[in-house]
Amino acid sequence: MMKLSSLLQGICSQPIPQELQDVAITSITQDSRQVQPGTLFFSVDGCAAHLREAEEKGAAILVSSQSHSHSPVLTAENPRLAYSLACSRFYGSPASRLCLIGVTGTNGKTSISFLIHHILTCCGIKTGLIGTVYNKIGAVELPAHYTTPDAAQLHQLLAKMEEAGCTHVVLEASSHALAQHRLAGCVFDCAAFSNLTQDHLDYHKTMENYYQAKRQLFRQARQAVLNWDDESGRRLYQENLCPSAVYTVQGDSAKTDYAAVNIQPHARGSRFLFLARQGKEQVVLPMPGRFSVENAVAALGTACQLGVPLQDAAQSLACCPGVPGRMEVLPAGADFTVMRDYAHTADGLEKVLSMVRETTEGRIITLFGCAGQRDRTKRREMGAMAARYSDLVILTSDNPRQEPEEQIAQDTIPGLKEYKTPYQVILNREEAIACAFAQCQRGDVLLLAGKGHEDYQALKDKTVYFNERDLVARLAGTIEKNGGTAYNNL
């Protein structure tokens with residue numbers, strides 16, 4: 001519980017009236033459905049109906065961008081920003097006492113975050129993790145509903161991590177969170193940038209807006225580790241928002257602070273020589289693909305910038321278990337390989353499929369869909385990329401939400417037709433996976449793209465449990481019952 005004067009001093013556009021300064025605040029939210037007596041409610045969207053609901057539920061104070069007939073209402077020029085700053089104060093400003101590491105970019109955020117967390121943990125640093133797959137406090141895993149949580153949830157998590165003895169926290173910073181000021185008031189000891197490719201234009205509208213959202217993280221960072229191989233990474237470096245080191249796996253290592261050279265890829269991982277300002281170390285990485293090397297170099301560079309000894313950081317990667325839903329091999333009980341990955345952009349598909357192509361003896365069968373009520377302009381590109389690298393493509397649904405699945409498929413098919421790759425359209429994802437499974441032969445790789453670690457599917461009128469690992473296990477069990485014959489009931 002806090003007094004209103006302590007919570008909002010300097011945050012609102014107006015001085016807090018004397019009669020309100022000692023009002024006791026017992027909770028804080030921007031969701032009118034969560035309001036109860038004693039709640040400080042921030043109207044981040046200015047919706048009159050939400051203000052009325054908050055008032056009817058007994059909110060102690062309402063904060064909005066403009067005055068209303070509701071009482072009492074305080075005004076803030078930017079309620080989203082004010083909400084995040086107030087949340088930090090309400091939970092005791094834990095971010096100010098923790099070493100925060102932020103990771104942003106279109107692809108690779110989750111993997112880089114996991115790798116940094118793994119390195120720090122292996123080096124004896126108790127570290128929290130906040131991200132897409134789950135949140136982690138020590139050995140305790142908590143569900144994650146968003147890549148970057150709501151400000152109240154974020155600071156509550158940070159407070160719990162501090163209480164549990166964490167000194168460092170690795171956090172995935174999404175463009176939505178940055179644009180919505182969810183991380184306002186947080187100062188990052190180091191921020192890492194992976195890349196910027198087309199995504200989320202349904203929200204940001206233009207690539208420049210998308211870039212500017214990502215850029216915000218580096219305005220809040222004491223130092224940065226940037227991808228020199230990416231145009232936006234070079235732009236961030238040139239804008240000199242904070243002291244920056246750069247990394248590469250493709251460019252001139254003589255001009256960068258961190259680099260991977262002598263890369264030796266194999267089906268289950270890679271070996272490479274890591275060059276750093278501090279020296280050089282041989283790295284064994286049990287995660288396949290050149291993009292995994294890129295992610296590892298970003299993580300190693302970040303660890304080194306934080307003062308982790310180079311040798312300790314490099315050696316710790318040899319025992320990294322990988323990231324759930326990122327190039328994850330699923331037990332299939334067959335003489336072909338089934339993998340799942342979160343790739344949901346054209347760039348993500350290209351990175352995954354080009355790696356699979358390098359190590360596949362048989363065919364590549366790619367099953368994917370495009371999300372509903374999201375950027376429609378990337379669907380054709382995703383179809384073209386899947387067709388370019390695959391021997392067979394099965395187009396299905398992802399999370400269609402309120403958008404007709406048939407419309408999503410029609411947006412994607414023109415890309416599939418850019419190549420002569422055969423394709424099938426099976427909109428029921430469970431049926432599509434069963435059909436793909438039935439067509440696999442010895443030496444083939446079946447890639448299930450888009451869902452990754454997710455265990456649900458968002459449909460038109462409901463969200464249902466859907467776990468591809470469980471489905472593949474059932475299909476594998478059917479193979480065993482049939483004496484090695486693949487399941488096929490279609």
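All values derive from a computational prediction rather than experimental measurement. (Residues numbered from 1 in each chain as written. Predicted model: local features only at pLDDT ≥ 70, side-chain atom pairs only at ≥ 80, totals over all residues. Heavy atoms only, no water.)

## With respect to the overall build of the protein chain
Here's step 1: Looking only at helices and strands, one finds 16 helices and 25 strands in the protein chain.
Here's step 2: For 490 residues, the compact-globule estimate of 2.2 N^0.38 gives 23 Å, and the protein chain sits close to it at 24 Å.
Here's step 3: Relative to its 490 residues, the protein chain shows a buried fraction of 55%.
Here's step 4: Long-range contacts, defined here as pairs at least 24 residues apart, represent 64% of the contacts in the protein chain between residues at least 6 apart.
Here's step 5: When the accessible surface of the protein chain is summed, it comes to about 20500 Å², and 46% of that surface belongs to carbon and sulfur atoms.
Here's step 6: Taking the 47 positively charged and 51 negatively charged side chains of the protein chain as two groups, their mean positions are separated by 1 Å. (Helix = DSSP H or I, 4+ residues; strand = E, 2+ residues; numbered from the N terminus. Rg over C-alpha atoms; globule rule 2.2 N^0.38 Å. Buried < 20%, exposed > 50% of the residue type's maximum accessible area, 1.4 Å probe, protein only. Contact = heavy atoms within 4.5 Å. Areas by Shrake-Rupley, 256 points an atom, 1.4 Å probe, with all protein chains shown as cover. Lys, Arg positive; Asp, Glu negative; His and termini not counted. Charge placed at Lys NZ, Arg CZ, Asp CG, Glu CD.)

## Looking at the environment of Val 73
Here's step 1: Looking at the secondary structure, you find Val 73 in strand S6 (residues 73-75).
Here's step 2: The class for Val 73 is buried, based on a relative accessible area of 17%.
Here's step 3: Taking C-alpha positions, Val 73 is 18 Å from Gln 34, a pair spaced 39 residues apart along the chain.
Here's step 4: Other than its neighbours up to four places away in sequence, Val 73 contacts Gln 14, Leu 62, Ser 64 and Gln 66.

## As for the sheet that holds strand S18 (residues 328-330)
Here's step 1: Taken in spatial order, the 6 strands line up as S18-S19-S23-S20-S21-S22 in an open sheet, and their pairing is mixed. Two strands in the sheet have a free side with no partner beyond their single neighbour: S18 and strand S22 (423-425). Neighbouring strand axes in the sheet, compared pairwise and without regard to direction, differ in orientation by 20° on average.
Here's step 2: As paired strands, strand S21 (residues 392-395) and S22 are joined by 3 bridges and run parallel to one another. Bridge pairing links Val 393 to Tyr 423 in S22.
Here's step 3: In the packing of helix H12 (residues 346-359) onto the sheet, the strands contacted are strand S19 (337-341), strand S20 (364-368) and strand S23 (445-449), and the crossing angle to S20 comes to about 160°. (Pairing = 2+ DSSP bridges. Axes fitted to C-alpha atoms, helices over the stretch in contact; angles between N-to-C directions.)

## Considerations on the environment of Gln 311
Here's step 1: Here Gln 311 shows up in helix H11 (residues 310-316).
Here's step 2: Spatially, the C-alpha atom of Gln 311 lies 9.0 Å from that of Gly 279, the residues being 32 residues apart in sequence.

## A short note on the sheet that holds strand S16 (residues 269-276)
Here's step 1: Pairing in this open sheet of 11 strands is mixed, and the strands run S10-S9-S8-S11-S7-S12-S13-S14-S15-S16-S17 from one edge to the other. Edge positions in the open sheet fall to strand S10 (140-143) and strand S17 (279-285), since each of these has one partner strand only. For this sheet, the mean inter-axis angle between neighbouring strands, taken without regard to orientation, is 20°.
Here's step 2: Relative to strand S14 (residues 244-248), strand S13 (residues 224-227) runs parallel, the two sharing 4 bridges. Bridge pairing in S14 places Val 225 opposite Ala 245.
Here's step 3: The strands that helix H8 (residues 207-219) touches are strand S7 (99-104), strand S12 (190-193) and S13; relative to S7, the one it contacts most, it runs at about 160°.

## Here's the deal with the pattern of salt bridges
Here's step 1: Tallied over the full model, the rule gives 25 salt bridges.
Here's step 2: Measuring nitrogen to oxygen at the nearest pair gives 3.0 Å for the salt bridge that ties Asp 31 to Arg 33.
Here's step 3: Using a relative accessible area of 63% as the deciding quantity, one classes Arg 33 as exposed.
Here's step 4: The residue Lys 351 makes a salt bridge to Glu 294 at a minimum N-O spacing of 3.8 Å. Of this pair, Lys 351 sits in helix H12 while Glu 294 sits in helix H10 (residues 290-305), and the two are 57 residues apart along the sequence. (Salt bridge = Lys/Arg side-chain N within 4 Å of Asp/Glu carboxyl O.)

## Side note on the packing of H10 against H12
Here's step 1: For the pair H10 and H12, interaxial distance at closest approach is 8 Å and the crossing angle is 120°. Taken together, the axes of H10 and H12 lie oblique to each other. Contact residues: H10 offers Arg 290, Phe 291 and Glu 294, while H12 offers Lys 351, Val 352 and Met 355.
Here's step 2: The class makeup of the residues in the contact of H10 with H12 is 3 nonpolar, no polar and 3 charged. (Parallel < 35°, antiparallel > 145°, perpendicular 65-115°, else oblique. Nonpolar A, V, L, I, M, F, W, Y, C, P; charged D, E, K, R; others polar.)

## A closer look at the nonpolar core
Here's step 1: In terms of nonpolar packing, the biggest core is built from 42 residues, with Phe 272, Phe 274 and Val 297 touching the most fellow members.
Here's step 2: Per element, the largest residue contribution to this core is 8 residues, and it comes from H10.
Here's step 3: With sequence-adjacent residues up to four places away left out, Phe 274 is seen in contact with Tyr 258, Ala 259, Gly 279, Lys 280, Glu 281, Val 283, Val 297, Leu 300, Gly 301, Cys 304 and Leu 310. (Core = buried A, V, L, I, M, F, W, Y, C linked by side-chain atoms within 4.5 Å.)

## Points about helix H3 (residues 79-90)
Here's step 1: Under the 1.5 Å per step criterion, the end-to-end length of H3 is 16 Å for 12 residues, consistent within 8% with the ideal 16 Å.
Here's step 2: Within the span of H3, buried status applies to Pro 79, Ala 82, Tyr 83, Ser 84, Ala 86, Cys 87, Ser 88 and Phe 90.
Here's step 3: The distance from a side-chain oxygen at the start of H3 to the backbone nitrogen of Arg 80 is 3.1 Å, and the residue carrying that oxygen is Asn 78.
Here's step 4: The first or second residue beyond H3 is Gly 92, which carries a positive phi of 85°. (Expected span 1.5 Å × (residues − 1). Polar contact = N/O pair within 3.5 Å; in protein donor to acceptor, adjacent residues only side chain to side chain.)

## Digging into the side chain of Ser 43
Here's step 1: Within the fold, Ser 43 resides in the loop between strand S4 (39-42) and helix H2 (48-56).
Here's step 2: Here Ser 43 is in contact with Leu 51, Val 63, Ser 64 and Pro 79, once residues within four sequence places are set aside.

## Some remarks on the confidence of the model for the protein chain
Here's step 1: Looking at the protein chain, pLDDT values average 91 and 97% of them are 70 or higher.
Here's step 2: Counting interchain partners and residues more than four positions distant, the pLDDT-below-50 stretch residues 483-490 has 14 contacts. (pLDDT = per-residue confidence, 0-100.)

## Overview of the packing of helix H13 (residues 379-389) against helix H14 (residues 405-416)
Here's step 1: At a minimum axis separation of 6 Å, H13 and H14 run at an interaxial angle of 45°. The angle between H13 and H14 falls in the class oblique. Where H13 crosses over H14, the two elements pack in a sense that is right-handed. On H14, the residues touching Arg 379, Arg 380, Gly 383, Ala 384 and Ala 387 of H13 are Ile 408, Asp 411, Thr 412, Pro 414, Gly 415 and Leu 416. (Left-handed = near helix turned anticlockwise from the far one by under 90°.)

## Section: unusual backbone geometry
Here's step 1: Positive phi values are uncommon outside glycine, yet His 181 reaches one of about 65°.
Here's step 2: Locating His 181 in the fold gives a position in the loop between helix H6 (175-179) and S12.
Here's step 3: Phi at Gln 373 is positive, roughly 55°, even though this residue is not glycine.
Here's step 4: With respect to the helices and strands, the residue Gln 373 is situated in the loop between S20 and H13.
Here's step 5: Residue classification places Gln 373 among the partly exposed positions, given a relative accessible area of 41%.

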